[in-house]
Amino acid sequence: EVMGHAHGEHFKKKILFLLEERRSILFKHISGLTHERLDEVSQAHYQYFKKVNPILEKEVAATAFAVGINPFELIQAGGYTDLLDVLGSGSSVDVSECSIAINPIGGYMAGTWDSHPSAIEGLILLKRTPSNSDVKTLALTTAGWPAQQGVNNYGIAFSITNLTPRDTIFNGINYISANAIMSMSKSIDHFLNFAKRTSFCSGHSYLLLDSQGKGCSIETNGQKIIYKTLSKKHVMTNHYQLAPLLDDNSNYPYLSGSEARYDEMEKISDDFTSPKTFTENMSQSNFVNKKKRDEISMTCASFFIIPGKKELYFSKGPALGKEMSKMTLK
């Protein structure tokens, strides 16, 4: 709770900015949305999070208290794409498109975090050393939430991509809450077992890689999950892939773009051998590495994670061929 409160105090301006920006997106793209309805669904998502992980929820609630907002409003600021899916019954807009390559043999996870350009202003690097847990994390995230993608001291690298299913549910876990729990997992099986017994409100792929060269891809919709253990390279963008398909991708308006990013990432990731070669190859990308701030989605951060060394390399915004910043979790 002390750590969460400090988080809120330090990043208060960023959190309030994000909340205002994300609310404006929701009201712009969801016809007939009211503040009462938005709060009702956000509260339901938050209460589910509180039920499945009350200890972690206390940290998030302390962050909200320090900012001077309701805890469920952090769902609106950090987990708004699931709200778009649930409230809009499949919105015609997707403002969160990520591209990830997991290479268990090479021992890395690399990719882009793509969202509405406003996310760049709310992006932070957060190191968490909670007193009530032995799991430490180093993660890129939006201000207000413990983690989006990163690595923990158990050698678990984690990241996500957004999916847009036909089936969503009102009472399930929002992805930003699931991310926080994924970041605290001591093994891939730890999070996989959680996913098997949890209701997800919408669709995401949850991607994990451990320090022993084992990977996992978990895809969700509002009904169930499907997963695959990974022993070789796996690329994920924003459409359902694992067989049998949980969803036919018909609710995703930018399927052709996701397929183009998948094909390009599949090709260029063969040359990822280090953070240097990653950023150099990404700088030549035509589809994956989005550079235009005036479009609905752009690359807000690029990252390269080596779980065996607990290293996170990153750059704010697109990968432009320059040296990435490096942080090591000790």
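Criteria and cut-off values
Residue indices follow the written sequence of each chain, beginning from 1 at its first position. Per-residue local features of the predicted model are confined to residues with pLDDT of at least 70, and side-chain atom pairs are confined, for both listing and counting, to 80 or more; whole-chain, interface and lining totals are unaffected and use all residues. Values reported for side chains reflect all heavy atoms of the structure, with hydrogen atoms and water molecules removed beforehand. Secondary structure is summarised from DSSP: a helix means a run of H or I of at least four residues, a strand means a run of E of at least two, and numbering begins at the N terminus for each. To estimate how far a helix should extend, the number of its residues minus one is multiplied by 1.5 Å. Here's how the labels work: a residue is buried when its accessible area is under 20% of the maximum for its type, exposed when over 50%, partly exposed in between, all with a 1.4 Å probe on protein chains only. Residue contacts are defined here by distance: any two heavy atoms, one from each residue, within 4.5 Å place the two residues in contact. For helices, the fitted axis covers only the stretch in contact; all axes are lines through C-alpha atoms, and the angles between them, taken along N-to-C directions, range from 0 to 180 degrees. In a left-handed crossing the near helix is turned counterclockwise from the far helix by less than a right angle, and in a right-handed crossing that turn is clockwise. Polar here means any residue other than Ala, Val, Leu, Ile, Met, Phe, Trp, Tyr, Cys and Pro, which are nonpolar, and Asp, Glu, Lys and Arg, which are charged; Gly is therefore polar. A cavity here means a set of 1 Å grid points, computed over protein atoms only, where a 1.4 Å probe fits but cannot escape. A pocket is an open set with protein on both sides within 12 Å along at least 5 of 7 lines, and lining residues have an atom within 4 Å of a point. Grid points are joined across faces, edges and corners, and a volume is the space filled by probe spheres set on the points. Stacked, tilted and edge-to-face are the three classes assigned to paired rings of Phe, Tyr and Trp, where Trp is represented by its six-membered ring and a pair needs centres within 6.5 Å; plane angles under 30 degrees give stacked, over 60 edge-to-face, the rest tilted. For our purposes a nonpolar core is just a set of buried Ala, Val, Leu, Ile, Met, Phe, Trp, Tyr and Cys residues, chained together by side-chain atoms within 4.5 Å. For two strands to count as paired, DSSP must find a minimum of two bridges between them.

Side note on helix α3 (residues 35-52)
Alright, step 1. The first and last C-alpha atoms of α3 sit 26 Å apart over 18 residues, in line with the 26 Å expected at 1.5 Å per residue.
Alright, step 2. Inspection of α3 places L38, V41, S42, A44, H45, Y46, Y48 and F49 among the buried residues, and these make up the whole buried set.
Alright, step 3. Considering only its buried residues, α3 is in contact with α2 (12-29), α4 (54-67), α5 (73-78), α6 (80-88) and α8 (175-183).

A closer look at helix α11 (residues 275-282)
Alright, step 1. Looking only at α11, the buried set comprises P275, T277, F278, T279 and M282.
Alright, step 2. Elements that come into contact with the buried residues of α11 comprise β2 (108-115), α10 (255-268), β11 (298-306) and β12 (311-316).

Let's talk about the packing of α3 against α6
Alright, step 1. One way to put it is that α3 packs onto α6 with a least axis distance of 11 Å and a crossing angle of 120°. α3 and α6 meet at a crossing whose hand is right-handed. From α3, R37, L38, V41, S42 and H45 reach across to α6, where they touch L83, V86 and L87.
Alright, step 2. Split into classes, the residues belonging to the contact of α3 with α6 amount to five nonpolar, two polar and one charged.

Looking at the layout of surface pockets
To find the voids left in a structure, one rolls a probe of water-molecule size over its atoms.
Alright, step 1. Of the voids in this model, the largest pocket is the one considered here, and its volume is about 470 Å³.
Alright, step 2. As for the largest pocket, its lining consists of 23 residues, of which N53, I55, L56, S133 and M184 are closest to the centre.
Alright, step 3. For the lining of the largest pocket, the leading source of residues is α4, giving four residues.
Alright, step 4. The class makeup of the residues in the lining of the largest pocket is 10 nonpolar, six polar and seven charged.
Alright, step 5. Approximately 370 Å³ is the volume attributed to the second largest pocket.
Alright, step 6. Residue lining of the second largest pocket: 15 residues in total, with E97, F287, K290, E295 and S297 positioned closest to the centre.
Alright, step 7. Residues belonging to the lining of the second largest pocket are distributed by class as follows: four nonpolar, four polar and seven charged.

Examining the packing of aromatic side chains
Alright, step 1. Taken as a whole and assessed by the stated rule, the structure comprises 10 aromatic pairs.
Alright, step 2. For the ring pair Y108 and F304, a centre distance of 4.8 Å and an interplane angle of 25° mean the geometry is stacked. With Y108 in strand β2 and F304 in strand β11, this pair connects stretches of sequence that are 196 residues apart.
Alright, step 3. Taken together, a centroid distance of 5.4 Å and an interplanar angle of 45° make the contact between F200 and Y206 tilted. Of the two residues, F200 and Y206, neither departs from the other in class, the shared state being buried.
Alright, step 4. Each member of the aromatic cluster is reached from another via a ring pair, and the members are Y108, F272, F278, F304 and Y313.

Thoughts on the nonpolar core
Alright, step 1. Judged by nonpolar contacts, the single largest core of 59 residues is most densely connected at L26, F191, Y206 and I218.
Alright, step 2. Looking at which element gives the most residues to this core, the answer is α8, with six residues.
Alright, step 3. Excluding its chain neighbours within four sequence positions, the residues that come into contact with L26 are L33, L38, Y80, L83 and L84.
Alright, step 4. Ranked by size, the runner-up nonpolar core spans 29 residues in total, among them L138, L140, A157 and L230.

Observations regarding the sheet that holds strand β1 (residues 99-103)
Alright, step 1. Sheet architecture is open: six strands sit in the order β10-β1-β2-β11-β12-β13, paired in antiparallel fashion. The sheet is open, and its two borders are formed by β10 (234-236) and β13 (325-328), each paired with just one other strand. Each neighbouring strand pair of the sheet contributes to a mean axis angle of 15°, computed without reference to strand direction.
Alright, step 2. Lying over the sheet, α10 contacts β1, β2 and β10, oriented at roughly 35° with respect to β1.
Alright, step 3. This element, α11, spans β2, β11 and β12 of the sheet and lies at about 155° to β11.

Looking at unusual backbone geometry
Phi is mostly negative for residues that are not glycine, and the peptide bonds are mostly trans.
Alright, step 1. Along the chain, A243 connects to P244 via a cis peptide bond; the corresponding omega equals -10°.
Alright, step 2. We note that N249 has phi near 65°; this positive angle belongs to a residue other than glycine.
Alright, step 3. Tracing the backbone shows N249 in the loop between β10 and α10.
Alright, step 4. Notably, K310 is not glycine yet its phi reads approximately 55°, a positive angle.
Alright, step 5. In this structure, K310 sits in the loop between β11 and β12.

Purely geometric numbers; function is a separate question.
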